[in-house]
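# Secondary and tertiary structure notes
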Amino acid sequence: MRRKFDVTTTQPETAIEALSRKSGLPRQRIKDAMNKGACWWTLKGKLVRLRRATKEVKAGTRLQLYYDENVLDRKPEAAILIADKSRYSVWFKPHGMLAQGSQWGDHCSLLRSAELELKRPCYLIHRLDADAAGLMLIAHDSKAAGALSQCFSGRTITKQYMARVTGIIHTRDQLIDTPIDGKAAISRVTTLSTDETGPTSLLQVIIETGRKHQIRKHLESIGHPIVGDRLYGKPAKTPLQLLAACLEFDCPLSRQRVKLALPEPLSSLDN
């Protein structure tokens, strides 16, 4: 059960003292929840996570604890650092990992994993469905984040995915431009291989826009939903067979052409 505890301190005390009195939860559970990003407070006018249970807070401080045992008990699968480019890093996000956390915690997110591993500020540049896996970039200063984000929003980056879909399809550079949520959406699809025993097909998908669930919706619209797509197809024993495999762009930081691709065996999908 999800529970939210909201307390405003009436005297100087530690954060865990205030939250313990308000919630009645064991201190160890509160400390764990705070460490996993479920506690929030206002610092310098900005709402941010408060992780240190022993933090001394002033009278009049508002603390909010978003407590959900199901979220807090989840065990994150490890993200893999592909390359450290100093001002940004390149990661493999596994199936099921969030790009960033929610108010209920962030310990199962790529952003938090990168912060813990690299011990640097981390900024999200773009998104990838939690159910999907593949390449993601994390910036390490605000200017780098802004410059790299512009590559994605300005459509100057080539985003290549692989998807294993249900059924047999033979196509080359097929344009799918069905609007999504009333907005233009463009995907181009090419068959890489087929498997008659499935039957399934392995596709390369290049997207020119980045609408929510764009690839999943577009492939379902042509009658070939992605294997394991519980939203637009049918659940399967394997996770969603969608992989962000390659990114190519003119880097605004180095002023050079950059091509990033997943190494083996991360670049393959289950058969």
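Presented here is a report on the structure given in the accompanying data block. Numbering of residues starts from 1 in every chain and runs along the sequence as written. Two thresholds apply to this predicted model, a pLDDT of at least 70 for residue-level local features and 80 or more for giving and counting side-chain atom pairs, whereas whole-chain, interface and lining totals are computed over all residues. Hydrogens are left out, water is left out, and the side-chain values use all remaining heavy atoms of the structure.

A fitted line through C-alpha atoms serves as each axis, taken over the contacting stretch for helices, and the angle formed by two N-to-C directions is quoted from 0 to 180°. We count a stretch as a helix when DSSP gives it H or I for four or more residues in a row; a strand needs E for two or more, and each element gets its number in order from the N terminus. For the pair helix H1 (residues 15-23) and helix H2 (residues 27-35), the least separation of the axes is 10 Å and the interaxial angle reads 120°. It follows from the interaxial angle that H1 and H2 lie oblique. In the crossing of H1 with H2, the sense of the turn from one axis to the other is right-handed. Of H2, the residues touching H1 (which contributes Ala15, Ile16, Glu17, Leu19, Ser20 and Ser23) are Arg27, Ile30, Lys31 and Met34. In the contact of H1 with H2, the residues fall into five nonpolar, two polar and three charged. Roughly parallel refers to an angle under 35 degrees, roughly antiparallel to one over 145, roughly perpendicular to one between 65 and 115, and oblique to any angle outside these ranges. It is the rotation of the near helix from the far one that decides the hand of a crossing: anticlockwise by less than a right angle makes it left-handed, clockwise makes it right-handed. Only heavy atoms enter the contact rule, under which two residues are in contact if any of them lie within 4.5 Å. Under this grouping Gly is polar, as are all residues other than the nonpolar Ala, Val, Leu, Ile, Met, Phe, Trp, Tyr, Cys and Pro and the charged Asp, Glu, Lys and Arg.

Here we take up the environment of Arg255. Position of Arg255 relative to the elements: it lies in the loop between strand E15 (242-250) and strand E16 (257-261). With 206 residues separating them along the chain, Arg255 and Arg49 place their C-alpha atoms 35 Å apart.

In this section: the side chain of Thr200. The topology assignment puts Thr200 in strand E14 (residues 200-207). Whenever two N or O atoms come within 3.5 Å, that pair is a polar contact, provided that in protein one can donate a hydrogen and the other can accept it, and provided that, for residues adjacent in sequence, both atoms are side-chain atoms. At 3.0 Å, the side chain of Thr200 forms a polar contact with the side chain of Arg164. The residues contacting Thr200, other than those within four sequence positions of it, are Arg164, Val165, Gly167, Ile168, Thr194, Asp195 and Val227.

By definition here, a salt bridge exists when the distance from a side-chain nitrogen of Lys or Arg to a carboxyl oxygen of Asp or Glu is within 4 Å. Throughout the structure, instances matching the rule amount to 19 salt bridges. Here Arg188 makes a salt bridge to Asp173, at a shortest N to O gap of 4.0 Å. Of the two residues, Arg188 sits in strand E13 (residues 187-195) while Asp173 sits in the loop between strand E11 (157-166) and strand E12 (174-176), which places them 15 residues apart along the sequence. Given a relative accessible area of 30%, Arg188 falls into the partly exposed group. Three or more residues joined by partner-sharing salt bridges are found here, namely Asp129, Asp131, Arg216, Asp229 and Arg230. Per-residue accessibility, obtained with a 1.4 Å probe over protein chains only, is compared with the maximum for each type, and a residue is labelled buried under 20%, exposed over 50%, and partly exposed between these values.

Moving on, we come to helix H5 (residues 142-153). Multiplying 1.5 Å by the helix residue count minus one yields the expected span of that helix. Along its 12 residues, H5 runs 16 Å from first to last C-alpha, staying within 8% of the 16 Å computed at 1.5 Å per residue. Looking only at H5, the buried set comprises Ala144, Ala145, Leu148, Cys151 and Phe152. For H5, the arc enclosing every buried residue in end-on projection is 120°, short of the 170-degree limit, so these residues lie on one face. Exposed residues pointing more than 90 degrees away from the buried face of H5 are listed as Lys143 and Ser153. Count one or two residues on from H5 and you reach Arg155, which has phi positive near 60°. Think of it as the arc spanned by the lines of direction from the helix axis to the C-beta atoms.

Looking now at the layout of surface pockets. Buried and open spaces are told apart on a 1 Å grid over the protein atoms alone, a cavity being a set of points where a 1.4 Å probe fits but cannot get out and a pocket being an open set with protein on both sides within 12 Å along at least five of seven lines. Residues with an atom within 4 Å of a point are the lining residues. Grid points are joined across faces, edges and corners, and a volume is the space filled by probe spheres set on the points. The space that makes up the largest pocket amounts to roughly 860 Å³. Every element with two or more residues in the lining of the largest pocket is listed here: H5, E11, helix H6 (214-221) and E15. Its residues placed into classes, the lining of the largest pocket shows 14 nonpolar, eight polar and 10 charged. Around the second largest pocket, the lining comprises 14 residues; the ones closest to its centre are Trp40, Arg49, Asp106, Leu111 and Glu115. Broken down by secondary-structure element, the contributors of at least two residues to the lining of the second largest pocket are strand E4 (46-49) and helix H4 (110-118). The residue inventory of the lining of the second largest pocket, partitioned by class, reads five nonpolar, three polar and six charged.

Glancing now at the nonpolar core. By nonpolar core we mean a set of buried residues, namely Ala, Val, Leu, Ile, Met, Phe, Trp, Tyr and Cys, connected to one another through side-chain atoms within 4.5 Å. One finds Tyr161, Val205, Ile215, Leu219, Ile226 and Leu242 to be the most contacted residues of the largest nonpolar core, which totals 28 residues. If you list the elements that add at least two residues to this core, you get H4, strand E10 (133-139), E11, E14, H6 and E15. No other element matches H4, which puts four residues into this core. Every residue in contact with Ile226, bar those within four places of it in the chain, is listed here: Ala163, Arg164, Val165, Ile215, Arg216, Leu219, Leu240, Gln241 and Leu242. Of all hydrophobic cores here, the second largest spans 26 residues; its members include Phe92, Leu137, Phe152 and Ala245.

These results come straight from atomic positions and should not be treated as a statement about function.
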